[in-house]
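# Working through the structure, step by step
Residue strings, one per chain:
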Number of protein chains: 2
Amino acid sequence: MPVISTKLRARLLDALAHPNRVRILEAIKSGYTCSCEIAPDLNMEQSNLSRHMKILVERGILIPEREGVRINYRIADEDIFKLLDMAGELVRRNAERSILEEEAG
Amino acid sequence: MPVISTKLRARLLDALAHPNRVRILEAIKSGYTCSCEIAPDLNMEQSNLSRHMKILVERGILIPEREGVRINYRIADEDIFKLLDMAGELVRRNAERSILEEEAG
DNA sequence: TCAATATATGAATATATGAGAAAATACTCA
DNA sequence: TGAGTATTTTCTCATATATTCATATATTGA
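For the structure given in this document, a descriptive report is provided here. Just so we're clear, the structure is a prediction, and the values are computed from it rather than from any experiment.

Reading the values: rules and limits
- Residues numbered from 1 in each chain as written.
- Chains lettered and ligands numbered in written order.
- Predicted model: local features only at pLDDT ≥ 70, side-chain atom pairs only at ≥ 80, totals over all residues.
- Heavy atoms only, no water.
- Helix = DSSP H or I, 4+ residues; strand = E, 2+ residues; numbered from the N terminus.
- Buried < 20%, exposed > 50% of the residue type's maximum accessible area, 1.4 Å probe, protein only.
- Contact = heavy atoms within 4.5 Å.
- Pairing = 2+ DSSP bridges.
- Near = heavy atom within 4 Å.
- Polar contact = N/O pair within 3.5 Å; in protein donor to acceptor, adjacent residues only side chain to side chain.
- Nonpolar A, V, L, I, M, F, W, Y, C, P; charged D, E, K, R; others polar.
- Phe/Tyr/Trp six-rings, centres within 6.5 Å; stacked < 30°, edge-to-face > 60°.
- Lys NZ or Arg CZ within 6 Å of the ring centre and 35° of its normal.

### Focus: the side chain of A:Thr6
Mapped onto the fold, A:Thr6 is located in helix H1 (residues 6-16). A:Thr6 gets classed as buried once you look at its relative accessible area, which sits at 15%. Ignoring anything within four residues of it in the chain, the contact list for A:Thr6 reads B:Pro19, B:Val22, B:Arg23 and B:Glu26.

### Points about the pairing of strand S1 (residues 62-67) of chain A
With six bridges joining them, S1(A) and strand S2 (residues 70-75) of chain A adopt antiparallel strand pairing. Looking at S2(A), one finds that A:Leu62 is bridged to A:Ile75.

### Overview of the protein's contact with DNA strand C
As a matter of local geometry, DNA strand C sits amid 24 residues, with A:Cys36, A:Ser47, A:Arg51, B:Arg51 and B:His52 nearest to it. Counting only the atoms of DNA strand C that lie within 4 Å of the protein, the sugar and phosphate share comes to 55%. Contact between DNA strand C and A:Cys36: a phosphate oxygen at 2.8 Å from a main-chain N or O atom of the residue. Put simply, the parts of the chain that give the surface near DNA strand C at least two residues each are helix H3 (35-42), helix H4 (46-58) and S2 of chain A together with helix H2 (19-29) and helix H4 (46-58) of chain B. Of all the elements, H4(A) adds the most residues to the surface near DNA strand C, at five residues. Residues of the surface near DNA strand C, tallied by class, amount to six nonpolar, ten polar and eight charged.

### Notes on the packing of aromatic side chains
Taken as a whole and assessed by the stated rule, the structure comprises zero aromatic pairs over all chains. Over the ring of A:Phe81 we find A:Lys29, and its NZ or CZ is 5.0 Å from the ring centre.

Structural data, given as structure tokens:
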């Protein structure tokens, strides 16, 4: 199995390392397919959303498919959600640890 | 099960979103415990390494434990490596997709 | 072709991050 | 306590990123 460079992995993670981009992926998970739907839902400027979308596409996380004037985005690899879930799980456990440490002094 | 905020998840991912921090975690995985060993191994400035270590500690990924002059760092939650592995896997699959697309035209 | 809608981009600004150098701090041991 | 080592902090510069506004581009259908 080839080793994936730290640079490429960091680049993927970096694509996810912004609250708005996590929100965008969740919006898509919940059924939205085009940024014309996502922008009002997330209350983001269209231009700003467009730039975040570009990043997600560039890094291979989303695949754009034009349908008339709109562009539908689909998840390139559904396992990206496993990664996001895992991040949530790690945050949760970390919070628990912090609480335990506080109690222990 | 409580929902973990996009912000916190992005913050965790952001901690991993730098090649050097991925390298640091790999160095620790491979057995290094203190930054005095990691700095020369990764050929990083000590002060620079220190700041990256701080980020990893702040975000709950590493736990520092002083042992005399040195500070040993241990992984707070080994599942962080699952997340890193998954990132590698996603990058790998993405690369394969790109190649297939090229071939398909 | 023109209007309407969706998306992309250039420019400007604010903020964040990364890095190195030097100084400060913390610890151990003689 | 003083020397030596490990680590952190502070300062500063350069670069990267995020955001908004205004404008440009692309697509469809009348």
